[in-house]
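# Secondary and tertiary structure notes
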Amino acid sequence: MPATALYDLDHTLLSCDSDYEWGRFLADSGAVDAETYRSRNAAFYAEYRHGTLDPYAYLEFVLAPLGRIAHAQLMHLRTQFLDAQIRPCLLPGARQLLAAQRRDGFRQIIVTSTNAFIAEPIAQLLDVGTLIAPQPEMRDGRYTGKLLGRACFGADKPLRIAAWAAQTHVDLGETWGYSDSIHDRPLLEFVDHPVAVDPDPALRAHAQRQDWDIISLAEAA
């Protein structure tokens with residue numbers, strides 16, 4: 001039975017927060033009202049950093065433009081965003097970890113609070129075939145701007161992983177988890193082998209108390 005590696009995305013496999021950067025990119029592109037959107041995007045990011053973020057309020061904000069921007073323009077903007085903002089954030093150290101675990105036969109899953117419109121092509125760039133993320137609703141071939149199902153933040157992550165395993169009839173086997181954030185303490189407590197990756201101060205302190213592995217993928221770059 002293969003082991004399973006569960007990876008957070010932002011500031012773990014990437015050197016940036018892709019959701020936040022997408023908001024900045026939309027504001028800079030003129031696709032949204034720049035001043036208002038930039039201000040709200042920054043406010044939500046501050047709430048995330050301070051541990052007060054309401055993930056559903058944030059998803060309502062971040063998904064709304066998907067329903068307002070013409071689909072063809074939206075896809076063009078995403079391609080530009082990936083090239084300009086995301087490719088420079090792909091950590092060589094993360095690629096090395098993914099490649100090594102792929103060679104060792106690990107089942108690899110990205111589990112992220114970043115919505116799938118943004119996270120899915122990033123997972124493809126990283127050659128990770130399974131993504132668990134908030135899913136934007138689509139109707140008649142275009143996005144509605146609404147959330148389909150649950151968020152994937154904090155305590156939601158183990159629930160989403162367990163639901164995916166049950167729906168796909170997959171036995172996760174021995175599990176490894178990777179994250180930078182104290183918000184992912186539930187994910188790291190869910191797995192057999194928790195690994196703090198370039199952790200924030202709160203996660204570093206907790207990992208040290210729990211004698212969890214602490215690694216850097218940024219320094220490996």
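To start, this report covers the structure provided alongside it.

With that settled, the discussion passes to the packing of aromatic side chains. Overall, the coordinates contain 14 aromatic pairs when judged by the stated rule. Note on W22 and F81: the rings are 5.2 Å apart at their centroids and 70° apart in plane angle, and the pair reads as edge-to-face. Residue W22 is located in helix α1 (residues 18–29), and its partner F81 is located in helix α4 (residues 71–86); the two are separated by 59 residues in the primary sequence. On the basis of relative accessible area, W22 is assigned to the buried category, the value being 0%. Judged by centre distance (6.3 Å) and plane angle (15°), the ring pair of Y45 and Y48 falls under stacked. Taken together, the positions of Y45 and Y48, both in helix α2 (residues 34–50) and 3 residues apart, correspond to about one turn of that helix. A network of ring pairs unites the aromatic residues W22, F25, F81, F117 and Y143 as a single cluster. Seen from the ring of F117, R78 lies directly overhead, with NZ or CZ sitting 4.4 Å from the centre.

Looking now at helix α9 (residues 201–210). What α9 keeps buried is the set L203, H206 and A207. Each buried residue of α9 sits inside an arc of 100° when the element is viewed along its axis, so together they form one side. Set apart from the buried face of α9 by more than 90 degrees, the exposed residues are P201, Q208 and R209. Where α9 is buried, its residues contact β6 (175–179), α8 (185–190), β7 (193–197) and β8 (213–215).

With that settled, the discussion passes to α1. Residues separated by three or four positions in an α-helix point in the same direction, a consequence of the helix having 3.6 residues per turn. Here α1 contains 12 residues, and its C-alpha end-to-end distance of 16 Å stays within 8% of the 16 Å for a straight helix at 1.5 Å per residue. Counting buried positions along α1 gives 9 out of 12 residues, so the element sits mostly inside the fold. Within α1 the residues assigned to the buried category are S18, D19, Y20, E21, W22, G23, F25, L26 and A27. Taken together, the buried residues of α1 touch α2, α3 (55–68), α4 and α6 (116–125). The backbone nitrogen of D19 lies 3.2 Å from a side-chain oxygen of the residue at the head of α1, namely D17. Positive phi appears at G30, one or two residues downstream of α1, with a value of about 85°.

This paragraph deals with the pairing of strand β5 (residues 142–148). Taken together, the 4 bridges between strand β4 (residues 135–139) and β5 define a ladder with antiparallel strand orientation. Counterpart to Q135 in the pairing with β5 is L148.

Criteria and cut-off values
Residues numbered from 1 in each chain as written. Predicted model: local features only at pLDDT ≥ 70, side-chain atom pairs only at ≥ 80, totals over all residues. Heavy atoms only, no water. Phe/Tyr/Trp six-rings, centres within 6.5 Å; stacked < 30°, edge-to-face > 60°. Helix = DSSP H or I, 4+ residues; strand = E, 2+ residues; numbered from the N terminus. Buried < 20%, exposed > 50% of the residue type's maximum accessible area, 1.4 Å probe, protein only. Lys NZ or Arg CZ within 6 Å of the ring centre and 35° of its normal. Arc of directions from axis to C-beta. Contact = heavy atoms within 4.5 Å. Expected span 1.5 Å × (residues − 1). Polar contact = N/O pair within 3.5 Å; in protein donor to acceptor, adjacent residues only side chain to side chain. Pairing = 2+ DSSP bridges.

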